[in-house]
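A closer look at the structure
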Amino acid sequence: MKSLLKQGHSLAESDRQIQLLEQAGLTRFSDKMDTVGLFPLTTNSLDIFQINVGKMCNQVCEHCHVDAGPDRKEIMTRGTMQICLDAIDKTNCHTVDLTGGAPEMNPDFRWFVEQLSAKGKKVIVRCNLTIIVANKKYHDLPEFFKKHNIEIASSLPYFNSAKTDAQRGEGVFEKSIRALKMLNAVGYGMEGTGLILNLVYNPSGAFLPPDQDSLQNQFKRKLRQGFKIEFNNLFAITNLPISRYLSYLVASKNYDKYMEKLVNAFNPMAAASVMCRNTISVGWNGFLYDCDFNQMLELKVAAKGQHLNDFDLEALQSRHVILNEHCYGCTAGAGSSCGGTVA
Amino acid sequence: MDTYYNPEDLKKFGKISEFQPELGKKFFDYYGSVFQEGALTTREKSLIALAVSHTVQCPYCIDAYTEDAMEKGCDSEEMMEAVHVAAAIKSGAALVHSVQMMNKYKDLSM
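A brief structural summary.

Quick word on the side chain of D97 of chain A
All names here are of chain A. Take D97: it is sitting in strand β2 (residues 95-99). According to the relative accessible area criterion, D97 is buried, its value standing at 4%. Among the polar contacts made by the side chain of D97, one reaches the side chain of Q50 at a distance of 3.1 Å. What D97 contacts, discounting residues up to four positions off in sequence, is I48, F49, Q50, I51, I124, R126 and C338.

Regarding the state of the cysteines
Among covalent bonds in proteins, the disulfide is the one between the sulfur atoms of two cysteines. The full count for this structure, using the stated rule, is 0 disulfides over all chains. With no disulfide partner, C276 of chain A has as its closest neighbouring cysteine sulfur the one in C291 of chain A, 6.2 Å distant.

A few points about the environment of L208 of chain A
Looking at the element boundaries, L208 of chain A is found in the loop between β5 (197-201) and α10 (212-227). Accessibility expressed as a relative area gives 11% for L208 of chain A, which makes it buried. What L208 of chain A contacts, discounting residues up to four positions off in sequence, is P203, T238, Y258, K261, L262 and A265 of chain A together with E71 of chain B.

A closer look at the nonpolar core
By size, the foremost hydrophobic cluster in this structure holds 108 residues, and its most contacted members are F49, I51, L98, F112, F145 and F219 of chain A. Discounting chain neighbours no more than four positions away, the residues touching F145 of chain A are E104, F109, V125, C127, I150, I152, L183 and Y188 of chain A. Listed in part, the 10 residues of the second largest apolar core include L50, A51, C74 and A82 of chain B.

Remarks on the pattern of salt bridges
All names here are of chain A. Evaluated as defined, the whole model comprises 24 salt bridges over all chains. Residue R28 is joined to E22 by a salt bridge in which the shortest nitrogen-to-oxygen separation is 4.0 Å. With relative accessibility at 38%, the residue R28 sits in the partly exposed group. What makes E22 partly exposed here is its relative accessible area of 41%. Sharing partners across several salt bridges, the network here consists of D67, R72, E74 and R244.

Examining the packing of helix α4 (residues 78-89) of chain A against helix α5 (residues 109-118) of chain A
Residues and elements named next belong to chain A. The contact between α4 and α5 brings their axes to 11 Å, and the two run at 15 degrees. On the basis of their axis angle, the class for α4 and α5 is roughly parallel. In this structure, α4 crosses over α5, and the sense of that crossing is right-handed. Residues R78, M81, Q82, C84, L85 and I88 of α4 touch α5, and the partners they reach there are F109, W111, F112, Q115 and L116. Of the residues that constitute the contact of α4 with α5, the class distribution is 8 nonpolar, 2 polar and 1 charged.

A closer look at the packing of aromatic side chains
All names here are of chain B. Overall, the coordinates contain 22 aromatic pairs over all chains when judged by the stated rule. Look at F27 and F28: their rings are 5.0 Å apart centre to centre, the planes differ by 70 degrees, and that puts the pair in the edge-to-face class. Accessibility expressed as a relative area gives 31% for F27, which makes it partly exposed. On the accessibility criterion, F28 (25% relative accessible area) is partly exposed. Among the aromatic residues, those joined into a ring-pair cluster are F13, F27, F28, Y31, F35 and Y65.

Let's talk about the interface of chain A and chain B
Often, the extent of an interface is quoted as the loss of accessible area upon association of its parts. In this complex, chain A contributes 13 residues to the contact, which on the side of chain B involves 11 residues. For the pair chain A and chain B, the two sides together bury roughly 940 Å², of which 40% comes from carbon and sulfur. At the junction of chain A with chain B, the criterion picks out 4 salt bridges. For K257 of chain A, the salt bridge is made with E67 of chain B, and the minimal N-O distance between the two is 3.7 Å. Between chain A and chain B we count 8 residue pairs in polar contact (both at pLDDT 80 or more) in total. Among the secondary structure elements, those contributing two or more residues to the side of chain A that touches chain B are α10 and α12 (255-264) of chain A. When residues of the side of chain A that touches chain B are assigned to their parent elements, the largest contribution, 3 residues, is made by α12 of chain A.

Here we look at unusual backbone geometry
Residue and element names in this part refer to chain A. Look at the link from F39 to P40: it is a cis peptide, with omega at -5 degrees. Here the bond from G100 into G101 is cis, since omega is 20 degrees, no more than 30 degrees from zero. Structurally, G101 can be placed in the loop between β2 and α5. Of note, K253 is a non-glycine position whose phi angle comes to about 60 degrees, a positive value. Position of K253 among the secondary structure elements: in the loop between α11 (243-251) and α12. On the basis of relative accessible area, K253 is assigned to the exposed category, the value being 75%.

Here we look at the pairing of β2 of chain A
Residues and elements named next belong to chain A. Judged by how many residues are buried, β2 sits mostly within the fold: 5 of 5 residues are covered. Where burial is concerned, the two faces of β2 agree: the one with T95, D97 and T99 and the one with V96 and L98 are both buried. Of the pairings in the sheet, the one linking strand β1 (residues 48-52) to β2 comprises 5 bridges and is parallel in character. Each bridged residue has a counterpart across the sheet, and for N52 the counterpart in β2 is T99. For the handedness criterion, the β-α-β arrangement of β1, α4 and β2 is classed as right-handed. Taken together, the 4 bridges between β2 and strand β3 (residues 122-126) define a ladder with parallel strand orientation.

Overview of the sheet that holds strand β4 (residues 151-155) of chain A
All names here are of chain A. The strand order across the open sheet formed by 8 strands is β6-β5-β4-β3-β2-β1-β7-β8, and the pairing between neighbours is mixed. Both edges of this open sheet fall to β6 (234-236) and β8 (288-289), since each of them pairs with a single strand only. One ladder, built from 3 bridges, connects β5 with β6; its direction is parallel. Its bridge partner being in β6, Y201 is matched across the sheet by A236.

Quick look at the pairing of β4 of chain A
All names here are of chain A. In terms of residue burial, β4 counts as a mostly covered element, since 5 of its 5 residues are buried. Neither face of β4 is exposed, since E151, A153 and S155 on one face and I152 and S154 on the opposite face are all buried. Two elements, β4 and β5, share 4 bridges in a ladder whose sense is parallel. Among the inter-strand pairings, A153 is bridged to a residue of β5, identified as N198.

About the criteria used
Residues numbered from 1 in each chain as written. Chains lettered and ligands numbered in written order. Predicted model: local features only at pLDDT ≥ 70, side-chain atom pairs only at ≥ 80, totals over all residues. Heavy atoms only, no water. Helix = DSSP H or I, 4+ residues; strand = E, 2+ residues; numbered from the N terminus. Buried < 20%, exposed > 50% of the residue type's maximum accessible area, 1.4 Å probe, protein only. Polar contact = N/O pair within 3.5 Å; in protein donor to acceptor, adjacent residues only side chain to side chain. Contact = heavy atoms within 4.5 Å. Disulfide = S-S within 2.5 Å. Core = buried A, V, L, I, M, F, W, Y, C linked by side-chain atoms within 4.5 Å. Salt bridge = Lys/Arg side-chain N within 4 Å of Asp/Glu carboxyl O. Axes fitted to C-alpha atoms, helices over the stretch in contact; angles between N-to-C directions. Parallel < 35°, antiparallel > 145°, perpendicular 65-115°, else oblique. Left-handed = near helix turned anticlockwise from the far one by under 90°. Nonpolar A, V, L, I, M, F, W, Y, C, P; charged D, E, K, R; others polar. Phe/Tyr/Trp six-rings, centres within 6.5 Å; stacked < 30°, edge-to-face > 60°. Buried area = accessible area lost by both parts, 1.4 Å probe. Pairing = 2+ DSSP bridges. Right-handed = clockwise from strand over helix to strand, strands pointing away.

What follows is the structure in structure tokens.
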């Protein structure tokens, strides 16, 4: 399977995605936020840097909001990583969250992790699991992660191959199980080690995620019984209607119903706690966004200094978040963020 | 009226109170309470509702509880097993009446 970009698909273009979202005839998200006193949406602080180190990935997932894949060549250079490090030094952020693509495929990934780790920041790596077993050069990643006390967040949409492979590709479940065993073997997810292994659930289709706590219990039971696998927490994340997932919704004729579902599930409590209020998202080329979704829609921050080269903490901390109809995905039900539910 | 069953009518379920607000409210209060987490989980209740939807052959209910069960984390295997439980009871209920047929048959036979 190729990325939408490689296919020349119209929804590879961010403008076309935004046009489709705005044409859906929904109550504008900004108007909805206004009704609960959250417009304009202000930021609280800058606690988390979420850095997308490139769109290259060994997988081509059906729901990927990045449109990542082996054919994507956008990759963060060591020079841009250095500017990231300099910017981080100007803030009191406590967490750096590395994502991609498969972040481990960036040739300077390990160097970057070492620099971040030396700063004493909590570092999260969004590891797709299969990269660990994809090639011999990645087999030592569990040891590397352990050495730097990296927190791992890994997608696993279900505890069987049917649902997992439908979303993430043929054979992904079996490889993910192998990788999880390797992470468990060095202590990840095991009681008393302090090595955190969190799993991420996204629905494999046009429906909302289940209750996070119940699902976590179910995952723990099934993965322990079936595969002797342990993990810490499960994050239930809603699929946002952009990029490949948007393309799936349109092709499967689920788009209108899904958007209606998101709007009807709007939860003011979740809206008040969305992740963009304490996070800044950095693109592979150093541009700044309110979140990884806005990054993929190329909606840069509404503040002076839209690039790391012009990093202006004060301007970023007093910015208004750019909103659009895809934001309904973060405010539906119990809410959704890169750390799971928020309400 | 083009058809007896219109998928769009499912969204209008709440409007059944229009002609009888008092009873409608009582029904929806009851309905809401039944599906709360209790001795059974909401997930278990969703699977029961899905199975019963098939025995009462309600297309609205099947539509609603297929989606609801998926949003409760159920997979196709579990959902189909639930339907088979309902189907087994339904066919068993038909077959157990064959005892009456057999009794009658024997009464009338030499």
